[in-house]
Number of protein chains: 2
Amino acid sequence: MISTLRLLVLNFPGQSEPFRITERNVLEALDRSPRGSLPLTVDVRLADDPNLAEAIAVADAILGPDFPRADIKARGKQLKLVQTTAAGIDHLLPLDWLPPAAAFATANGVHEGAKLTEWAMMVFLMLHTQMPHFITAQREHRWSRRLSASVKGKTALIYGTGAVGRSIAAGAERLGIERIGVRRSAGSVAGFSRILTMDEAHAFLPQADFVVLATPLTPETHNMMNRDVFTRMSPGAHFANFGRGRLVDQQALVEALESGHLGGAIVDVTTPEPPDPDSPFWDAPRLVITPHLSSDDPASHVPRVLDILIENLYRVIGGEPLKNSLQR
Amino acid sequence: MISTLRLLVLNFPGQSEPFRITERNVLEALDRSPRGSLPLTVDVRLADDPNLAEAIAVADAILGPDFPRADIKARGKQLKLVQTTAAGIDHLLPLDWLPPAAAFATANGVHEGAKLTEWAMMVFLMLHTQMPHFITAQREHRWSRRLSASVKGKTALIYGTGAVGRSIAAGAERLGIERIGVRRSAGSVAGFSRILTMDEAHAFLPQADFVVLATPLTPETHNMMNRDVFTRMSPGAHFANFGRGRLVDQQALVEALESGHLGGAIVDVTTPEPPDPDSPFWDAPRLVITPHLSSDDPASHVPRVLDILIENLYRVIGGEPLKNSLQR
């Protein structure tokens, strides 16, 4: 029986304001929980707090978008839960810094929903209507018409069928776009017209009007969009990246745009972020870059993250398997 | 009783290919008509045909996006119908070149439908997510985040409740955006949450998240979006123009963007088209220009125009009131 849980919340100095978490946010999440009361103290700190190591030493659980790994490894003996506010955790791997007693959980699923679905609809419509072409033409003071009919009936090949991929598929569905999901194993996933394995997807590439990435960055997916894949895409087909910059060989993407092979591309993620000031990425033709926020909903992010955290605190106490737990 | 109707179809040298009308297109439209057979000969010509005046002299009806007014006035004695392929006819006014016996009809309604509704959804989503800001930032090699939640519940003030305005409202409705329509007279229009008169709309301006133009260009609407109107809009509110460039005081629009007052603007029409190569319009911050095609659906435009034409040919023969007829 745990008397009182000590929760340490980490905010980061450069973090956007709506994503900073306050004690009040945590207490509101506790009130929302159907589980009843939980003895909890909340310690909210900035990651550059000089006394952070001491705070870690007495914490039972820690929540943040990133973590001071050396301090946690050295001082986090009491930690039972390390909960990230992020869905993608490539920046935290390998998890060799976790204390032996600490479980680790992600905020997977927190991005699913209206905001990302709307963003996906916008991306499909912008690509289909040739908006990247018009934007490039405007930059060059050129008026260059390219006509398009309705997007209905076009086909999107969506790599990744997790929370992000499902929200993108929901956007495609609202526009009448066929949704082919790609994942490691065959089967079916709600919201997708069909599921293909990676090999099957490679064969399907020439039939896709849109190729969309929503898959985690792993050693297997690193540079998965390379020269060969872009070449297999149909001339005039479109590309969007909702995942991670390193999924893409950026030089190959720039070449596929410069040659005129790709119709257009919209990427919410780059390598690095932001691109270097003199990177050719900024000026590549028919390439639209947004600053990694397609799935960030300032209205729902913090409550959703905290609902996962509070649920996991109950599960830690009850010895139940965690939500979104990840084996190290 | 008319023996055989002679239809003259005018195509223009600079016209986009999907909008060129062939004899076959006309005969297919005749086949689609529920009205039965119609004795018709079809003469398809380019507007720079040296023998055009002779063709006009023997035509019963003429179809085109624009017309050789002097020739029609001088030689079109036999014309019973002048049918435009356009919905907006500001470029044809005043109609003092029409022969006395010729009725005049527009292609009003031809733009209503899926293509324009999808374009409107894209415009609302691009404005709401700050895409014009990201596009300007990319041009300057800057990574500048601005977060947005779902667009649901925002309010659009849509000037014009005709075919174009209704298609835009349908797009707004699919995104859960409130649709306030503006027209000369009070009342209600299907697809709009409310209807305001011009004066009421002026009072409502500070409450609108989006101000959208879809109204014809007339002496009353010329420069209707001026410094006063932009100033009344809420800081950060957005603007879109689906109508005509001359509805807008472009200098006032550029100033409202440069001052930071307007969140962003997307205009499908400019004055002139294209803007002059050194126009400040090309480089204004958070302004996206598309080359006058938001409502042009290459898949449906020609069949829809011809369905109106064929129906009007039957009505000319039968002495019935024309569809989309306009009094001179």
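Basis of the calculations
Residues numbered from 1 in each chain as written. Chains lettered and ligands numbered in written order. Predicted model: local features only at pLDDT ≥ 70, side-chain atom pairs only at ≥ 80, totals over all residues. Heavy atoms only, no water. Helix = DSSP H or I, 4+ residues; strand = E, 2+ residues; numbered from the N terminus. Rg over C-alpha atoms; globule rule 2.2 N^0.38 Å. Buried < 20%, exposed > 50% of the residue type's maximum accessible area, 1.4 Å probe, protein only. Contact = heavy atoms within 4.5 Å. Lys, Arg positive; Asp, Glu negative; His and termini not counted. Charge placed at Lys NZ, Arg CZ, Asp CG, Glu CD. Pairing = 2+ DSSP bridges. Right-handed = clockwise from strand over helix to strand, strands pointing away. Patch = residues over 30% accessible without salt bridge, like charges linked within 9 Å, V, L, I, M, F, W, Y side chains within 5 Å. Areas by Shrake-Rupley, 256 points an atom, 1.4 Å probe, with all protein chains shown as cover. Salt bridge = Lys/Arg side-chain N within 4 Å of Asp/Glu carboxyl O. Axes fitted to C-alpha atoms, helices over the stretch in contact; angles between N-to-C directions. Parallel < 35°, antiparallel > 145°, perpendicular 65-115°, else oblique. Left-handed = near helix turned anticlockwise from the far one by under 90°. Nonpolar A, V, L, I, M, F, W, Y, C, P; charged D, E, K, R; others polar. UniProt positions renumbered as here; feature names shortened; annotations may be inferred. Least-squares fit on C-alpha atoms with pLDDT ≥ 70 in both. Buried area = accessible area lost by both parts, 1.4 Å probe. Polar contact = N/O pair within 3.5 Å; in protein donor to acceptor, adjacent residues only side chain to side chain. Expected span 1.5 Å × (residues − 1).

Draft legend 1. Spotlight on the overall build of chain A. Looking only at helices and strands, chain A features 10 helices and 12 strands. Relative to the compact-globule value of 20 Å for 328 residues, chain A shows a C-alpha radius of gyration of 22 Å, a close match. When the backbone C-alpha atoms are referred to their principal axes, chain A occupies close to 65 × 45 × 35 Å. Going through the 328 residues of chain A one by one, you find that 55% of them count as buried. At a minimum sequence separation of 6, the contacts of chain A that also span at least 24 residues come to 62%. For chain A, the separation between the mean place of its 33 positive charges and that of its 36 negative charges on side chains is 4 Å.

Draft legend 2. Focus on the pairing of strand S2 (residues 40-46) of chain B. Residue and element names in this part refer to chain B. Of the pairings in the sheet, the one linking strand S1 (residues 5-11) to S2 comprises seven bridges and is parallel in character. By the bridge assignment, Leu-7 is partnered in S2 with Val-42. Between S1 and its parallel partner S2, the chain crosses via helix H1 (residues 23-32), and the hand of that crossover is right-handed.

Draft legend 3. Spotlight on a positive patch on the surface. Taken together, the side chains of A:Lys152, A:Arg174, B:Lys152 and B:Arg174 present a region of like positive charge at the surface. Turning to its location among the elements, A:Arg174 is positioned in helix H6 (residues 163-174).

Draft legend 4. Spotlight on the packing of helix H4 (residues 114-128) of chain B against helix H6 (residues 163-174) of chain B. Residue and element names in this part refer to chain B. Where H4 contacts H6, the axes come no closer than 8 Å and their chain directions differ by 55°. In terms of orientation, H4 and H6 fall into the oblique class. Between H4 and H6 lies a crossing of right-handed hand. Seen from H4, the contacting residues are Leu-116, Thr-117, Ala-120, Met-121 and Phe-124; seen from H6, they are Val-164, Ser-167, Ile-168, Ala-170, Gly-171, Ala-172 and Arg-174. Among the residues forming the contact of H4 with H6, the class breakdown is eight nonpolar, three polar and one charged.

Draft legend 5. Fine view of the UniProt feature "domain: D-isomer specific 2-hydroxyacid dehydrogenase NAD-binding" (unreviewed entry) in chain A. Look at the UniProt record and you will see "domain: D-isomer specific 2-hydroxyacid dehydrogenase NAD-binding" (unreviewed entry) annotated at residues 122-294 of chain A. In residues 122-294 of chain A, helix accounts for 29% and strand for 16%; the two terminal C-alpha atoms are 10 Å from one another.

Draft legend 6. Quick peek at the relation of the copies chain B and chain A. Under the fitted operation, chain B is carried onto chain A by 0.0 Å of movement along the axis and a turn of 180°, and the coordinates agree to an RMSD of 0.0 Å. In the structure described here, the two chain copies are related by an operation that fits a two-fold rotation axis. When C-alpha positions in chain B are compared against the rotation axis, the closest is assigned to B:Met122, at 2.7 Å. Interface overlap between copies: 100% of the residues of chain B at the interface are likewise at the interface in chain A, consistent with a symmetric, same-surface contact.

Draft legend 7. Just the sheet that holds strand S5 (residues 103-105) of chain A, in detail. Residues and elements named next belong to chain A. Across the sheet, which stays open at both edges, the five strands sit in the order S2-S1-S3-S4-S5 with parallel pairing between neighbours. Each edge of the open sheet is held by one strand with a lone partner, namely strand S2 (40-46) and S5. Geometrically, the sheet is characterised by an average inter-axis angle of 15° between neighbouring strands, direction not taken into account. Across three bridges, strand S4 (residues 81-84) lies against S5 in parallel orientation.

Draft legend 8. Highlighting the interface of chain B and chain A. The interface is formed by 51 residues belonging to chain B together with 51 residues belonging to chain A. When the two sides are added together, the surface that chain B and chain A hide from each other amounts to roughly 4400 Å², 68% of it contributed by carbon and sulfur. Of all residues in chain B, the largest losses of buried area upon contact with chain A belong to B:Gln138, B:His141 and B:Trp143, amounting jointly to 19% of the total for that side. Where chain B touches chain A, the interface holds two salt bridges. Between B:Arg145 and A:Asp296 there is a salt bridge, with the nearest N and O atoms lying 2.9 Å from each other. Summed over the shared surface of chain B and chain A, the result is 25 residue pairs in polar contact (both at pLDDT 80 or more).

Draft legend 9. Inspection of helix H10 (residues 301-318) of chain B at higher detail. Residues and elements named next belong to chain B. Over its 18 residues, H10 extends 26 Å from the first C-alpha to the last, a length consistent with the 26 Å expected when each residue adds 1.5 Å. Listed as buried for H10 are His-301, Val-302, Val-305, Leu-306, Ile-308, Leu-309, Ile-310, Glu-311, Asn-312, Leu-313, Tyr-314 and Val-316. Looking at the buried positions of H10, the neighbouring elements they touch are S1, H1, S2, strand S3 (61-64), strand S4 (81-84) and strand S5 (103-105). In the segment just after H10, Gly-319 is the residue with positive phi, at about 70°.

Draft legend 10. Spatial organisation of the sheet that holds strand S6 (residues 155-159) of chain A. Residue and element names in this part refer to chain A. Spatially, seven strands are ordered S8-S7-S6-S9-S10-S11-S12 in an open sheet, and the strand pairing comes out parallel. Where the open sheet ends on each side, the last strands, each with one partner, are strand S8 (194-196) and strand S12 (287-289). With strand direction ignored, the average angle separating the axes of adjacent strands in the sheet is 15°. Pairing of strand S9 (residues 210-213) with strand S10 (residues 238-241) involves four bridges; the strand directions are parallel.

Draft legend 11. Focus on the pairing of strand S7 (residues 178-182) of chain A. All names here are of chain A. The buried count for S7 comes to four of five residues, which makes it a mostly enclosed element. Here S6 pairs with S7 via five bridges, running parallel. Looking at S7, one finds that Leu-157 is bridged to Ile-180. Once the chain exits S6 it traverses H6 before rejoining the sheet at S7, and the crossover so formed is right-handed. Where S7 lies against S8, three bridges are found, and the strand directions are parallel. Note on S8: the bridge partner recorded for Ile-180 is Arg-194.

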